[in-house]
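# Residue-level structural notes
What follows is each chain in one-letter form.
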Amino acid sequence: MTALDTADIRRQFPALGRKIYGHELIYFDNTATTQTPAAVIDAIRDGYLDSKANVHRGVHTLSQEATARQEATRALVARYIGAADSEEVIFTRGTTESINLVASSYGQLMNEGDEIVLTVMEHHSDIVPWQLLAERRGLKIRVVPMDDRGVLDLDAYRRLLNDRTRLVAVTHVSNVLGTVNPVAEMIADAHRAGAVVLVDGAQAIAHLRVDVRALDADFYAFSSHKMYGPCGIGVLYGRRELLEKMPPYQGGGEMIKTVSFDGTVFADLPFRFEAGTPDFVGIAALAKAVEWLEATGVERIAAHEEKLLEYVTERMAEIEGMRIFGTAPGKGSIISFLIGNAHSYDTGLLLDKLGIAVRTGHHCAQPLMERLGVSGTVRASMAAYNTFEEADAFIAALRRIAPMLA
Ligand code: PMP
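Okay, so let's go over this structure.

Here is what the cut-offs are and how they apply
- Residues numbered from 1 in each chain as written.
- Predicted model: local features only at pLDDT ≥ 70, side-chain atom pairs only at ≥ 80, totals over all residues.
- Heavy atoms only, no water.
- Helix = DSSP H or I, 4+ residues; strand = E, 2+ residues; numbered from the N terminus.
- Rg over C-alpha atoms; globule rule 2.2 N^0.38 Å.
- Buried < 20%, exposed > 50% of the residue type's maximum accessible area, 1.4 Å probe, protein only.
- Areas by Shrake-Rupley, 256 points an atom, 1.4 Å probe, with all protein chains shown as cover.
- Lys, Arg positive; Asp, Glu negative; His and termini not counted.
- Charge placed at Lys NZ, Arg CZ, Asp CG, Glu CD.
- Polar contact = N/O pair within 3.5 Å; in protein donor to acceptor, adjacent residues only side chain to side chain.
- Contact = heavy atoms within 4.5 Å.
- Pairing = 2+ DSSP bridges.
- Axes fitted to C-alpha atoms, helices over the stretch in contact; angles between N-to-C directions.
- Near = heavy atom within 4 Å.
- Core = buried A, V, L, I, M, F, W, Y, C linked by side-chain atoms within 4.5 Å.

## With respect to the overall build of the protein chain
Looking only at helices and strands, the protein chain has 14 helices and 17 strands in total. At 22 Å, the protein chain has a C-alpha radius of gyration in line with the 22 Å of a compact globule built from 406 residues. The principal-axis extents of the C-alpha atoms in the protein chain amount to approximately 70 × 55 × 35 Å. When the 406 residues of the protein chain are sorted by exposure, 56% land in the buried category. Just so you have it, the protein chain exposes about 17000 Å², and 51% of that area is on carbon and sulfur atoms. In the protein chain, the 41 positive side-chain charges and the 52 negative ones have mean positions that sit 2 Å from each other.

The following block contains the structure:
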């Protein structure tokens, strides 16, 4: 496997040329969203410039072309994640909507006293939809704990599974700790207990090879904007036999076969879950992001990010007062930290003045913050275009600000 040519990659990302307070931008907020390559931006521009037409409605050429682009993207995404067929790929607005779709629709198949298992490291978007559902239907939510490294306690998980467990929802990669959870193993356990599993793949999809069939996942959710694609597009993969028995999520155009005031016959998969006009321009541009990931190679990206993570972590650990949260073996390129007792915002603001973009706060994971005993952290997260020079500049910046903060 050849190493990534980061100089070549960086040339493809126009936003990386920005200067912040006179410094070259160092973009280390990739967990929140990744930057976008020119090929994706061009596809968005072209989609509006000379080929905008609504999908699935028109017989005219532009509409036929738009439909073909959207369905080709669906097939490409299906292949990229190893789905058995493209009808198992539903376009949504993002991971959040994908999870809400499952909670609203599959949730209707759950009854009072049924149980849902979550983990302590879930993002709010993989907690709140289940809480809303639990309230509506009288369900119980149970939570898998973790150890101090950020490794889930699988024995505790197995003890939580029982004949009332209907669904397990687990993040593939923690957006705070970087932990890569053993989801294949957890799915096998859940299946033995008769439960289905939704994997929140928001932080995995651009950083490791995802194969939904190898994982045996029932649902897999992710967002385009975290995989070098456009904003406002998400994917829900669902196993066909589950999707087929699920009631519709939203009603409207596109999701029906026939409508009369006596009743409505719903469309087949995947359209049954895609009410209304989708962001067809964005969906077509997502294809360019997937092609970019395929051409670059997600395994090569992962190897590059792993080296960067190791390099940065080793040097951060030498800084006086540095506290790193999340030390699970094999973790992804996300580093949460605090300098002494300094507030994460202060650290983030000082880093920004040096041109370094990091995230601060609770990262939409307040239950995890509570487990860690902090109100927030600073989070640096790396992607394909980040370099060792940037890592050095980041370390130098931390060394410079740490004495002011500790
Ligand atoms: N899950 C995880 C693990 C995330 O990191 C995020 C985004 N921070 C989400 C879900 C929600 O994704 P989106 O806002 O794109 O719907």
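From this point, the narrative continues.
## Digging into the side chain of Arg379
One can find Arg379 in strand S17 (residues 377-381). Judged by its relative accessible area of 3%, Arg379 is buried. Engagement of the side chain of Arg379 in a polar contact is seen with the backbone oxygen of Asn175, the distance being 2.9 Å. Once residues lying within four places of it in the same chain are set aside, the contact partners of Arg379 are Phe28, Asp29, Thr31, Ala32, Asn175, Ile334, Ile335, Ser336, Val358, Arg359 and His363.

## Quick notes on helix H4 (residues 95-105)
The buried count for H4 comes to eight of eleven residues, which makes it a mostly enclosed element. Looking only at H4, the buried set comprises Thr95, Glu97, Ser98, Ile99, Leu101, Val102, Ala103 and Ser105. At its buried positions, H4 is contacted by strand S4 (89-92), helix H5 (128-137), strand S7 (165-171), strand S8 (196-200), strand S9 (219-223) and strand S10 (234-238).

## Thoughts on the side chain of Glu305
Structurally, Glu305 is set in helix H11 (residues 298-317). With residues near it in sequence (within four places) discarded, Glu305 still touches His207, Tyr228, Ser333, Met382, Ala383 and Ala384.

## A few points about the sheet that holds S17
Strand pairing in a sheet takes place through backbone hydrogen bonds and is either antiparallel or parallel in direction. Spatially, S13-S14-S17-S16 is the arrangement adopted by the four strands of the open sheet, whose pairing is antiparallel. Of all the strands in the sheet, just strand S13 (322-325) and strand S16 (359-361) have a single pairing partner and so form its edges. Each strand of the sheet is rotated relative to its neighbour by a mean of 30 degrees, with strand direction disregarded. One ladder, built from four bridges, connects strand S14 (residues 334-339) with S17; its direction is antiparallel. Pairing of Ile335 across the sheet is with Ala380, part of S17.

## Digging into the site of the ligand
What surrounds the ligand is a group of 13 residues, the closest being Thr96, Asp200, Gln203, Ser223 and Lys226. Between a nitrogen atom of the ligand and a side-chain N or O atom of Asp200, the distance comes to 2.5 Å. Lys226 is positioned with one of its side-chain polar atoms (N or O) 2.8 Å from a nitrogen atom of the ligand. Coverage of the ligand by the protein chains reaches 84% of its 400 Å² of free accessible surface.

## A word on the nonpolar core
Among the nonpolar cores identified, the biggest contains 103 residues, and Phe337, Phe394 and Leu398 are the most heavily contacted of them. Contacts of Phe394, omitting those with residues within four sequence positions, involve Phe28, Val312, Met316, Phe337, Leu351, Ile356, Val358 and Ala380.

## Overview of the sheet that holds S4
What the seven strands build is an open sheet, ordered S4-S10-S9-S8-S7-S5-S6; its pairing is mixed. Across the chains shown, the open sheet's two edge strands, defined by having one partner strand only, are S4 and strand S6 (140-144). Neighbouring strand axes in the sheet, compared pairwise and without regard to direction, differ in orientation by 20 degrees on average. This element, helix H3 (residues 61-80), spans S4, S9 and S10 of the sheet and lies at about 120 degrees to S4.

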